[in-house]
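Chain by chain, the residues:
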Amino acid sequence: MRALALRRTSLCAGLLLAACAGTPLPPAAPDPEPVPDMVAARGWLLPTGDAAATRHSPLAQITPANVGRLQPAWRFATGAARGQEGGPLVVGRTMYLHTPFPNTVTALDLAERRVLWTYTPLQDPEVVSLMCCDVVSRGLAYGRGKVFLQQADATLVALDARTGAPLWRASHADPRTGATATQAPQLFDRYVVTGIAGGEYGVRGHLSAFDADTGRLAWRGYSVGPDADMKMDPERTRTWQDGRMVPVGRDSSLRSWQGDQWRLGGGTTWGWYSYDPALRLVYYGSGNPGTWNPLQRPGDNKWSMSLWARDIDTGTVRWVYQMTPHDEWDYDGVNEAILFEGPDASGRPRRLLAHFDRNGFAYTLDRESGELLAAEKFDPSVNWATHVDLASGRPVVADAYSPARRGEDETTAGVCPPAIGSKNQAPAAYDPALGLAFVPTNHLCMDIEPFKVEYRAGQPYVGASIVMHPVPGDEAALGAVVAWDPLRGRAAWRHPEAAPVWSGVLSTASGLVFYGTLDGRLKALDAKTGAELWVSPPLPAGVVGNVTSWEFGGRQFVGVLTGVGGLANDPEGIGRLRKAGAPTEPSRGELVVFALPEPRP
């Protein structure tokens with residue numbers, strides 16, 4: 001594939017990055033443009049809202065009592081006509097917007113609502129054909145006077161936040177192998193953290209950290225393979241086993257694969273990342289193993305389908321926990337890890353982590369030690385496993401829903417959830433005052449048939465076909481927003497929806513929960529009860545974007561990107577199940593913004 005690279009200004013770029021990665025980075029320079037705390041609290045500086053990935057806004061001008069008065073405030077067309085995932089960043093009086101491929105970035109002055117600058121990278125259009133599930137982008141990162149863009153072609157770019165001029169570029173994978181990128185990068189401390197997609201092409205996943213000022217590769221940790229590649233210490237890296245944390249041991253990944261299958265092992269890292277600055281640990285999940293056909297890869301296939309805690313400075317793995325060993329259903333483990341504090345069952349205060357996996361289980365772990373504290377079904381239809389054994393940490397698989405037991409070219413019917421999961425990548429929110437997470441969910445099942453597939457670089461390496469269908473008896477409710485108590489491992493309430501909820505959720509300090517729907521509405525629920533308090537007028541298109549909120553000029557705004565694409569609009573999948581005839585036609589993406597009426601003078 002021909003590279004259409006712009007000027008590089010970093011010391012290490014492209015193929016040179018790997019050679020530079022082994023040298024420790026020099027001491028970090030202070031942030032040249034730190035954002036005051038008050039400005040940060042009124043804005044939206046990270047794609048996940050904060051480093052803990054809570055997607056919780058401290059703003060409280062819009063309340064359960066007045067939310068019914070919300071009205072359209074303004075809108076901005078992004079010019080894109082594909083799936084509009086993610087959401088904007090707001091820093092002071094400037095908003096930064098992104099689009100799906102070709103990944104245009106726009107800086108918008110909020111006072112005058114005029115475009116300050118626009119940047120469209122040069123990318124080989126052939127990368128579009130390699131992206132399995134639409135050409136989406138889930139957002140930008142901001143900090144140190146820069147905006148960071150993760151291009152679809154696995155190139156990370158730093159832009160000058162004032163002018164949009166590119167400052168450095170770093171390529172961290174080869175699209176010719178099927179490696180692409182859809183995730184939002186994150187800036188934690190001095191490091192830009194980003195991952196890779198392409199599990200359906202046999203890509204071996206990794207997480208990389210780049211110096212935010214130079215673009216130099218600080219470290220890269222793979223999901224599968226030799227200990228050195230994964231940055232695992234056989235004695236110091238720990239995992240949950242037999243009711244306690246134990247060393248992973250030597251060659252923990254290699255021993256769980258047959259032969260060299262780990263080289264096509266998947267475990268891609270296209271989800272969300274969170275960070276604890278006190279522990280200096282970055283948290284994330286790894287995706288499905290390659291191929292989907294479980295009979296071609298005997299063993300647990302470690303460490304695909306796992307939660308990770310890595311040292312932000314070195315990439316060394318502190319602990320790792322595999323949620324779905326020997327995945328048979330494509331239950332990618334890339335969903336966000338929400339960081340919060342709370343007591344365990346004995347009342348001991350802990351630093352905790354909540355993760356709502358595609359496999360339908362909600363996990364609560366001690367994020368410092370990696371201990372597994374709870375694992376319960378957050379969708380009642382989940383049947384592929386009866387439960388998670390808390391002592392071993394392993395799911396107890398139901399034989400009737402095991403494609404590996406049934407065999408190749410045989411259909412396993414009625415597996416719940418389907419491959420898209422009880423929750424896909426659309427992020428949940430967490431209200432620390434209520435101790436509740438608000439989870440966008442799917443309520444579906446599937447029939448799955450594995451078949452043998454041969455690997456060819458840059459070609460799909462799937463090895464299974466699926467057909468999704470509603471949960472029997474629940475045909476009118478294909479999704480829900482679920483309020484989940486991660487300490488008690490149970491739902492506080494459920495608000496059903498006719499279609500899967502593919503929008504990221506926002507919670508606010510006033511006790512509201514916002515999300516968008518595939519039929520083109522923005523909704524507000526009461527965080528305590530789940531009661532529906534407000535429904536917007538029709539939006540230009542359905543919503544797969546993430547709701548955000550900010551304050552400007554003394555008013556609180558709530559905004560969401562519209563434009564449905566990808567899996568949420570697949571005519572053979574969710575598009576068919578929505579029973580709306582033909583799927584929604586692609587529409588020019590728009591940011592739609594709501595606010596309370598301006599006070600009269």
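Bear in mind the structure is a predicted one, so any value in this text is a computation, not a measurement.

### Details of the side chain of asparagine 383
Okay, step 1: Along the chain, asparagine 383 turns up in the loop between β24 (372-377) and β25 (385-388).
Okay, step 2: Within the local environment of asparagine 383, its side chain forms a polar contact with the backbone nitrogen of cysteine 416, the two atoms lying 2.8 Å apart.

### Focus: the nonpolar core
Okay, step 1: Core analysis: the biggest nonpolar cluster contains 67 residues, and Trp74, Met95, Tyr96 and Phe514 have the highest contact counts within it.
Okay, step 2: The leading source of residues in this core is strand β40 (residues 590-595), at five residues.
Okay, step 3: Non-local contacts of tryptophan 74, meaning those with residues more than four positions away in its chain, are made with Met95, Leu108, Leu110, Arg113, Trp550, Phe557, Leu591, Val592 and Val593.

### Observations concerning unusual backbone geometry
The bulk of non-glycine residues show a negative phi, and the bulk of peptide bonds are trans.
Okay, step 1: With an omega of 20°, the peptide bond between phenylalanine 101 and proline 102 qualifies as cis.
Okay, step 2: Relative to the helices and strands, proline 102 resides in the loop between β4 (94-98) and β5 (105-109).
Okay, step 3: In this chain, lysine 302 is followed by tryptophan 303 through a cis amide linkage whose omega measures 0°.
Okay, step 4: Among the secondary structure elements, tryptophan 303 is positioned in the loop between β18 (281-285) and β19 (306-311).
Okay, step 5: One non-glycine residue with positive phi stands out, namely alanine 154, at about 70°.
Okay, step 6: Tracing the chain through its elements places alanine 154 in the loop between β8 (146-150) and β9 (155-160).
Okay, step 7: Residue alanine 154 is classed as buried on the basis of its relative accessible area of 0%.
Okay, step 8: Although it is not a glycine, aspartate 242 sits at a positive phi angle of roughly 55°.
Okay, step 9: When you line up the elements, aspartate 242 lands in the loop between β15 (238-241) and β16 (244-247).

### Quick word on the pairing of β25
Okay, step 1: Alignment of β25 against strand β26 (residues 395-397), held across three bridges, turns out to be antiparallel. When the sheet's bridge partners are listed, alanine 385 is paired in β26 with valine 397.
Okay, step 2: Taking the residues between adjacent antiparallel strands as the criterion, β25 and β26 are bridged by six residues, where glycine 393 takes a positive phi near 80°.

### Here we look at the packing of aromatic side chains
Okay, step 1: In total, this model carries 19 aromatic pairs according to the counting rule given.
Okay, step 2: Judged by centre distance (6.0 Å) and plane angle (90°), the ring pair of phenylalanine 361 and tryptophan 384 falls under edge-to-face. Of this pair, phenylalanine 361 sits in strand β23 (residues 361-366) while tryptophan 384 sits in the loop between β24 and β25, and the two are 23 residues apart along the sequence.
Okay, step 3: Overall, phenylalanine 361 belongs to the buried group, its relative accessible area being 2%.
Okay, step 4: Since its relative accessible area comes to 0%, tryptophan 384 is described here as buried.
Okay, step 5: Ring centres 5.5 Å apart and planes at 90° place the aromatic pair tyrosine 455 and tyrosine 461 in the edge-to-face group.
Okay, step 6: Ring-pair connections join several aromatic residues into one group, and the members of that group are Tyr321, Trp329, Tyr331, Phe361, Tyr363 and Trp384.
Okay, step 7: The residue whose ring lies beneath arginine 204 is tyrosine 222, and the NZ or CZ to ring-centre distance is 4.0 Å.

### A closer look at the sheet that holds strand β13 (residues 206-211)
Okay, step 1: Spatially, the four strands line up as an open sheet ordered β11-β12-β13-β14, and their pairing is antiparallel. Each having just a single partner strand, β11 (186-188) and β14 (217-222) make up the two edges of the open sheet. Here the average twist between neighbouring strands, direction ignored, is 20°.
Okay, step 2: For β13 and β14, the ladder comprises five bridges, and the chain directions are antiparallel. Following the sheet pairing, alanine 209 is matched in β14 by tryptophan 219.

### With respect to the sheet that holds β24
Okay, step 1: Strand order across the open sheet formed by four strands is β21-β22-β23-β24, with antiparallel pairing between neighbours. In the strand order of this sheet, the two ends are held by β21 (337-343) and β24, each with one partner. Taken over all neighbouring pairs, the strand axes of this sheet differ in orientation by 25° on average, direction set aside.
Okay, step 2: Across seven bridges, the pairing between β21 and strand β22 (residues 349-356) is antiparallel. The residue bridging phenylalanine 340 from the neighbouring strand is leucine 352, located in β22.

### Some remarks on the confidence of the model for the protein
Okay, step 1: Of the residues in the protein, 94% have a pLDDT of 70 or more, and the chain-wide mean is 92.
Okay, step 2: Contacts for the low-pLDDT stretch residues 1-20, under 50 throughout, to residues beyond four places or in other chains number 43 contacts.

About the criteria used
- Positions within a chain are numbered from 1, following the residues in the order the chain's sequence is written.
- Residue-level local features of this predicted model are given only where pLDDT is at least 70; pairs of side-chain atoms are given and counted only at 80 or more, and the full residue set underlies all totals for whole chains, interfaces and linings.
- Neither water nor hydrogens contribute to the side-chain values; these are computed over all heavy atoms in the structure.
- Strands are runs of DSSP state E lasting at least 2 residues, helices are runs of H or I lasting at least 4, and numbering of each runs from the N terminus.
- Pairs of N or O atoms within 3.5 Å make up the polar contacts considered here, provided that, within protein, one atom can donate a hydrogen while the other can accept it, and that residues adjacent in sequence are counted only when both atoms are side-chain atoms.
- Throughout this description, the term nonpolar core refers to a set of buried Ala, Val, Leu, Ile, Met, Phe, Trp, Tyr and Cys residues connected via side-chain atoms within 4.5 Å.
- Here's how the labels work: a residue is buried when its accessible area is under 20% of the maximum for its type, exposed when over 50%, partly exposed in between, all with a 1.4 Å probe on protein chains only.
- Pairs of residues are marked as contacts when any of their non-hydrogen atoms sit within 4.5 Å.
- When DSSP finds two or more bridges between a pair of strands, those strands are recorded as paired.
- When two rings of Phe, Tyr or Trp (its six-membered ring) have centres within 6.5 Å they constitute a pair, described as stacked for plane angles under 30 degrees, edge-to-face for angles over 60, and tilted for the intermediate range.
- Geometrically, a charge over a ring is one whose NZ (Lys) or CZ (Arg) sits within 6 Å of the ring centre while staying within 35 degrees of the ring normal.
- Angular values range over 0 to 180 degrees, each being the angle between N-to-C directions of two axes fitted as lines to C-alpha atoms, with helices fitted over their stretch in contact.
- Summary of the metric used: pLDDT quantifies the predictor's per-residue confidence within the range 0 to 100.

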